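# Remarks on the overall topology
Chain by chain, the residues:
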Amino acid sequence: MAEQDDIRAMAQRFFDAIEAGDIETMRDSFTPDAEIWHNTDELIVTRDQTAQTLTGMVARIKEREYAERRLTTFPGGFVQQHVLKGRRTHDDGEVRLPCAIVCKVENGKITRLDEYFDSAHVAAFRKFANA
C-alpha cells in the first residue's frame, strides 16, 4: 500500500507542477532515459523534448488546470484521466483537451508515459497553437 501512496503523491506533484508552470519539477519526475509517447503522432520523445514542448504550452496557455482528475494507481504505475483546461494567452479563448495518461513508475520516477488525446480536440487546439 505504501508504494501506491507514493505513486499517487508523485502523480499529484507531476500534474500540479505543470499547472504551476514548474517545468523543472515536471522534468525531474522522469528518469533520464524515460520514453514519452503520444497517440496523435505515434512518436517517442525524451524528457527534455517534453520539457521543451510543455515550456511552449505554458507560454501559450494561462490559467492551466488539470480538471476532473481520475487517478488510479497500480503496482508499478498509474493511469490518470483528466481535462486540461485553460485560456489561450493571445486571445483569451478557452482550451479544453480531454486526455488519458498511462505511466510506468520505478523508484519514484516515470520511466514511460503514454499520452492519449482525442485527435479532434488536438486539431482544434493546434489551429491556435502558433498564434
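For clarity, every value in this text was computed on a predicted model and none was experimentally measured.

### Some words on the packing of aromatic side chains
According to the stated counting rule, one finds five aromatic pairs in the structure shown. Ring geometry for Phe14 and Phe15: centres 4.9 Å apart, planes at 80°, overall edge-to-face. Here Phe15 and Tyr66 contribute two aromatic rings whose centre-to-centre distance is 5.1 Å and whose plane-to-plane angle is 70°, an arrangement assigned as edge-to-face. Here Tyr66 lies in strand E3 (residues 61–74) and Phe15 lies in helix H1 (residues 2–20), a separation of 51 residues in the sequence. Residues Phe15 and Tyr66 agree in their burial class; the two are buried. Three or more aromatic residues joined by ring pairs form one cluster here, namely Phe14, Phe15, Phe30, Tyr66 and Phe78.

### Looking at the sheet that holds strand E5 (residues 94–106)
Here six strands make up an open sheet; going across it, the order is E2-E1-E6-E5-E4-E3 and the pairing mixed. Edge positions in the sheet fall to strand E2 (44–45) and E3, since each of these pairs with one other strand and no more. Direction of pairing for strand E1 (residues 30–38) relative to E2: antiparallel, over a ladder of two bridges. Looking at the pairing, Ile36 lines up with Val45 of E2. Packed on one face of the sheet, H1 meets E1, E3, strand E4 (77–88), E5 and strand E6 (109–117) and runs near 170° to E3.

### A short note on the nonpolar core
For soluble globular proteins, the rule of thumb is that nonpolar side chains tend to be buried together. One finds Phe14, Met26, Phe30, Phe78, Ile110 and Leu113 to be the most contacted residues of the largest nonpolar core, which totals 29 residues. When residues of this core are traced back to their parent elements, those giving at least two are H1, helix H2 (23–28), E1, helix H3 (47–60), E3, E4, E5 and E6. When sequence neighbours within four positions are dropped, the list of residues in contact with Phe30 reads Phe14, Ile36, Arg47, Lys109, Ile110 and Leu113.

Calculation notes
Residues numbered from 1 in each chain as written. Predicted model: local features only at pLDDT ≥ 70, side-chain atom pairs only at ≥ 80, totals over all residues. Heavy atoms only, no water. Phe/Tyr/Trp six-rings, centres within 6.5 Å; stacked < 30°, edge-to-face > 60°. Helix = DSSP H or I, 4+ residues; strand = E, 2+ residues; numbered from the N terminus. Buried < 20%, exposed > 50% of the residue type's maximum accessible area, 1.4 Å probe, protein only. Pairing = 2+ DSSP bridges. Contact = heavy atoms within 4.5 Å. Axes fitted to C-alpha atoms, helices over the stretch in contact; angles between N-to-C directions. Core = buried A, V, L, I, M, F, W, Y, C linked by side-chain atoms within 4.5 Å.

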